[in-house]
Structure formats: C-alpha cells, structure tokens
Amino acid sequence: MSFSEIKELIINMFGEEIILKEDLTSPQHSITIPNERLLEVCQFLHVQPKLYFDFLACITGIDNGPAVGTVEVIYHLTSIPYEHSFVLKVEVPRNMDGEPLPKVYSLTPIWKTADWHEREAYDLVGIDFVGHPDLRRILLPADWEGYPLRKDYQEQELYHGIIVKS
C-alpha cells in the first residue's frame, strides 16, 4: 500500500484535521499528527485489517533547539505481512530549564518494542513518555545530568570524580 493510500485511510477515519504537516520531500514521506491523538491513530494503524502495522521498527527523538522551541518524535512503522511502511511524527513544545520534560504518550500498550525505544529517547533527548511502564535511563547512569542529544546540552566536567570532558 502506498503512502497516499495509507494517509487516505487515516483521513477517512479521523478527518482532514488529523494531519498537521506532511513531508513529501524526504526519502520517507511522513505526516505529523497532534500528540493528543497519537494513541488512537496508532491503534487504528495496528488493528485496521488493510494496514496491520504489526512492527514499530524505530522511534527517533529530535531536539529542534531552543530557538525553534520544539522536540519531535518520529515513528517508523512496518507491516511485515503486507510489506508496507509508514512514518508518523508528533511535535511538542520543548521545555526550558526547570520546567517538566516534554510529554508524548507511550506506545507500549500497542507495540512492546516501544519500551526500549522510548527509554532511549528519554535518556538522550529528554522526552517523558506518559504511561510508559518503566521509564528510566537505558544508556547513561541513572544519576547522569542532562540529555546529551539536546542542542543546548552542556557536558559535565566530572562524573563521580572521573574527568568526562577532555
């Protein structure tokens, strides 16, 4: 099934307003949807018989920086039996120092593979996945300060007496 056909099924189910942005210039076309609709759209993509996206292949967290003021989460979905793929995005406001982390709904109730993908995005970009069953750092120590893939990340000089910054 083509990108356009999948997009049309989503529009038929949720209406035109479900699509906030559409990217047809990247090698993998994508749509951006409202964060508050993420769970219901993904559930539809998973259970709709014509689509059956049974595999969440990848989640990517991107910090667009303080000037832009947003973070994005990109989901790469695959239907193994139907051999089609789709890219879905959400964009949320970026937090400032001292504010709570940006919140995106966890997709672990739909795809178990979201568990470790979301933990990685939390660990490196600082995105709070609401409803995640065990959201904690996966690559860095639990007491690490900051999120290394943030545009304004300041590497700490020392970590438990070990020189980190050279």
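For the structure itself, consult the block above.
In this report, we go over the structure that sits alongside the text. Note that this is a predicted model, so its numbers are computed, not measured. (Residues numbered from 1 in each chain as written. Predicted model: local features only at pLDDT ≥ 70, side-chain atom pairs only at ≥ 80, totals over all residues. Heavy atoms only, no water.)

### Structural notes on the layout of surface pockets
As a reminder of what qualifies: Residues are said to line a cavity or pocket when one of their atoms sits within 4 Å of a point; the points come from a 1 Å grid over protein atoms alone, cavities being sets where a 1.4 Å probe fits but cannot get out and pockets being open sets with protein on both sides within 12 Å along at least five of seven lines. Grid points are joined across faces, edges and corners, and a volume is the space filled by probe spheres set on the points. Residues are grouped as follows: Ala, Val, Leu, Ile, Met, Phe, Trp, Tyr, Cys and Pro are nonpolar; Asp, Glu, Lys and Arg are charged; all remaining types, including Gly, are polar.
Considering only enclosed or pocket space, the largest pocket measures out at about 270 Å³ in volume. Contributing to the lining of the largest pocket are Pro-66, Arg-94, Asn-95, Met-96, Asp-97, Leu-101, Gly-146, Tyr-147, Arg-150, Asp-152, Tyr-153 and Gln-154. Across the lining of the largest pocket, the residue classes break down as five nonpolar, three polar and four charged. The computed volume of the second largest pocket comes to approximately 150 Å³. Taken together, Phe-3, Gln-28, His-29, His-76, Leu-77, Thr-78, Ser-85, Phe-86 and Val-87 make up the lining of the second largest pocket.

### A closer look at the packing of helix α1 (residues 3-14) against helix α2 (residues 38-47)
As a reminder, the rule being used: Lines fitted to C-alpha atoms define the axes here, with helix axes fitted over just the stretch in contact, and angles between the N-to-C directions of these axes take values from 0 to 180 degrees. Counting from the N terminus, the helices are DSSP H or I runs at least four residues long and the strands are E runs at least two residues long. In these notes the angle categories are as follows: under 35 degrees is roughly parallel, over 145 is roughly antiparallel, 65 to 115 is roughly perpendicular, and the rest is oblique. Crossing handedness follows the turn of the near helix against the far one: under a right angle anticlockwise gives a left-handed crossing, and clockwise gives a right-handed one. By the convention used here, residues are in contact when the closest approach between their heavy atoms is within 4.5 Å.
Remark: α1 packs on α2, axes separated minimally by 11 Å, with the N-to-C direction vectors making an angle of 125°. When the axes of α1 and α2 are compared, the pair comes out oblique. Every pair of crossing elements has a handedness; the one defined by α1 and α2 is right-handed. Every residue of α2 that contacts α1 at Ile-6, Leu-9, Ile-10, Met-13 and Phe-14 is listed here: Glu-40, Val-41, Phe-44 and Leu-45. Along the lines of polarity and charge, the residues of the contact of α1 with α2 split into eight nonpolar, no polar and one charged.

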